[in-house]
Amino acid sequence: MYIGPYRLANRLILAPMAGVTDRPFRMLCRRYGAALAISEMVSANPALRHDRKTLRRSDHAGEPEPRAVQILGNDPAAMAEAARINADRGAQIIDINMGCPAKKVCHKAAGSALLRDERLVARILEAVVGAVEVPVTLKIRTGWDPNHRNAVTVAKIAENAGIRAITIHGRTRACGFSGQAEYLTIHQVKQTVGIPVIANGDVDSPEKAAAVLELTGADAVMIGRAALGNPWLFRRIDHFLSGSVESGLPGAEETRDVILEHLNGLYAFYGEHLGVRIARKHVGWYLSHLSCPPDFGPLFNIQDGANQQLDLINQLFNEESRKLAA
């Protein structure tokens, strides 16, 4: 699969997730098999252009190619300028968010709220594509609500505007993240447009990834919440799709090393004070995939220093090793 000049190594993409897909997590998922990892969404609001959070989300130091940034807004000129700025800061792919269902985003007529105004969709896409030389992609939902699914129409608009690939989450904005994703609409989009189509929604296992690719005919799948605390999911899916007999599941030592690497990456990226606090949610996600004492999570969360957090992770795995040896 190609996005512009960039040939992806496989059919697996890490979804942009606010508060999650920072540079440390993107690089970890890339190392475990994600062919592309898209940044947290960056606001096109000019007032936030030099905001610390915006600059941090635009930091690609050491990140492997292709580097992708998602931008969010509803004004064509501001979105075009945001695309130019992020391309200048190192983004090699600009992704446009028209899929976020969050109320605070939709109340500003951005994210998936844009799906209600197809003319504005066209103006934004044309403005962004015309503003940068790097490829531009689009992420949408199937529509505003189940009675107004217009993903096929929006995909045609996107293709005509010069969008190089489109991701469809198999839910409407009204569905949020509830219920089950539906893939028929994604299949219909794939049958309609010639640009690459990426299927998103409820891909949480190797078997599900294969089934979604089969059902939709999509060129790739995008994985979001299932990757939390589980970056090796990309390796597992890649092995499964390639017919490898290896499961790709990590052993205890590899799991420990990945968690320690992730925590150290957070401390380095955010500084110890903020890194320690951000580490708590990530360790919570890792623990959801592990068997550990029920008091470990609360104990970890009250630690306020990097060394204390690292020591606790080592203690956890040393204790588990002793149990196995016994």
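Criteria and thresholds
- Residues numbered from 1 in each chain as written.
- Predicted model: local features only at pLDDT ≥ 70, side-chain atom pairs only at ≥ 80, totals over all residues.
- Heavy atoms only, no water.
- Helix = DSSP H or I, 4+ residues; strand = E, 2+ residues; numbered from the N terminus.
- Rg over C-alpha atoms; globule rule 2.2 N^0.38 Å.
- Buried < 20%, exposed > 50% of the residue type's maximum accessible area, 1.4 Å probe, protein only.
- Contact = heavy atoms within 4.5 Å.
- Areas by Shrake-Rupley, 256 points an atom, 1.4 Å probe, with all protein chains shown as cover.
- Lys, Arg positive; Asp, Glu negative; His and termini not counted.
- Charge placed at Lys NZ, Arg CZ, Asp CG, Glu CD.
- Salt bridge = Lys/Arg side-chain N within 4 Å of Asp/Glu carboxyl O.
- Arc of directions from axis to C-beta.
- Phe/Tyr/Trp six-rings, centres within 6.5 Å; stacked < 30°, edge-to-face > 60°.
- 1 Å grid on protein atoms, 1.4 Å probe; cavity = no way out; pocket = protein on both sides within 12 Å on 5 of 7 lines; lining within 4 Å.
- Points joined across faces, edges and corners; volume = space filled by probe spheres on them.
- Nonpolar A, V, L, I, M, F, W, Y, C, P; charged D, E, K, R; others polar.
- Pairing = 2+ DSSP bridges.
- Right-handed = clockwise from strand over helix to strand, strands pointing away.
- Axes fitted to C-alpha atoms, helices over the stretch in contact; angles between N-to-C directions.
- Left-handed = near helix turned anticlockwise from the far one by under 90°.

This part covers the overall build of the protein. For the protein, the count of helices and strands is 13 helices and 10 strands. Over its C-alpha trace the protein gives a radius of gyration of 20 Å, about what one expects of a compact globule, namely 20 Å for 326 residues. C-alpha extents for the protein along the principal axes are approximately 65 × 45 × 35 Å. The buried share among the 326 residues of the protein stands at 56%. Taking contacts inside the protein between residues at least 6 apart in sequence as the whole, the part at least 24 apart equals 68%. Of the accessible surface of the protein, which amounts to about 14,300 Å², a share of 49% is contributed by carbon and sulfur atoms. Placing the 38 positive and 34 negative side-chain charges of the protein at their respective mean positions leaves the two points 5 Å apart.

Pairing between side chains of opposite charge can happen when their charged atoms approach one another. One pass over the structure, following the stated rule, counts 11 salt bridges. With its nearest N and O atoms 3.8 Å apart, the salt bridge here joins Asp 202 to Arg 225. Taken together, the residues span a long stretch of sequence, with Asp 202 in the loop between strand E9 (197–200) and helix H8 (206–216) and Arg 225 in the loop between strand E10 (220–223) and helix H9 (233–241) at a distance of 23 residues. For Asp 202, a relative accessible area of 22% gives the class partly exposed. With its nearest N and O atoms 2.9 Å apart, the salt bridge here joins Arg 235 to Glu 254. Here the residue Arg 235 occupies a position in helix H9, and Glu 254 occupies one in helix H10 (residues 252–270), the gap between them amounting to 19 residues.

Before going further, it helps to spend a moment on helix H6 (residues 151–161). Of the positions making up H6, those classed as buried are Ala 151, Val 154, Ala 155, Ile 157, Ala 158 and Ala 161. Taken end-on, H6 shows its buried residues confined to a sector of 160°, consistent with a single buried face. Close packing links the buried residues of H6 with helix H5 (118–131), strand E7 (136–141), strand E8 (165–169) and helix H7 (184–192). Within two residues after H6, Gly 162 carries a phi angle of roughly 100°, on the positive side.

Under the criterion given, the structure shown has 4 aromatic pairs. Ring plane angle 75° and centroid distance 6.1 Å describe the contact between Tyr 32 and Trp 232, whose orientation is recorded as edge-to-face. Here Tyr 32 is found in the loop between helix H1 (23–31) and strand E4 (36–43), whereas its partner Trp 232 is found in the loop between E10 and H9, with 200 residues between them in sequence. Comparing Tyr 32 with Trp 232, the two get one shared label, buried. Note on Phe 269 and Tyr 270: the rings are 4.9 Å apart at their centroids and 85° apart in plane angle, and the pair reads as edge-to-face.

The next subject is empty space enclosed by the protein. By the definition in use, this model includes 2 cavities of 30 Å³ or more. Leu 36, Ile 38, Asp 95, Thr 137 and Ile 198 are, among the 13 residues lining the largest cavity, the residues nearest its centre. Every element with two or more residues in the lining of the largest cavity is listed here: E4, strand E6 (93–98), E7 and E8. When grouped by side-chain class, the residues that make up the lining of the largest cavity number 10 nonpolar, 2 polar and 1 charged.

In terms of burial, E7 is a largely internal element, 6 of the 6 residues being buried. Of the two faces of E7, the one lined by Val 136, Leu 138 and Ile 140 and the one lined by Thr 137, Lys 139 and Arg 141 are each fully buried. Bridge analysis of E6 against E7 gives 5 bridges, and the strand direction is parallel. Across the sheet, Met 98 pairs through a bridge with Ile 140, a residue of E7. Bridge count between E7 and E8: 5 bridges; the pairing is parallel.

Let us now look at the pairing of E9. Covered by surrounding structure in E9 are Val 197 and Ala 199 together with Ile 198 and Asn 200, the residues of both alternating faces. Summarising the sheet, E8 and E9 pair through 4 bridges and their orientation is parallel. The residue of E9 that forms the bridge with Ile 168 is Ala 199. Handedness of the crossover joining E9 and E10 through H8 is recorded here as right-handed.

One can describe the packing of H6 onto H7 by two numbers: an axis separation of 9 Å at closest approach and a directional angle of 35°. Viewed along their axes, H6 and H7 form a crossing whose handedness is right-handed. Mapping the contact onto sequence places Ala 151, Val 152, Ala 155 and Lys 156 in H6 and Thr 185, Gln 188, Val 189 and Thr 192 in H7. Across the contact of H6 with H7, the residue classes break down as 4 nonpolar, 3 polar and 1 charged.

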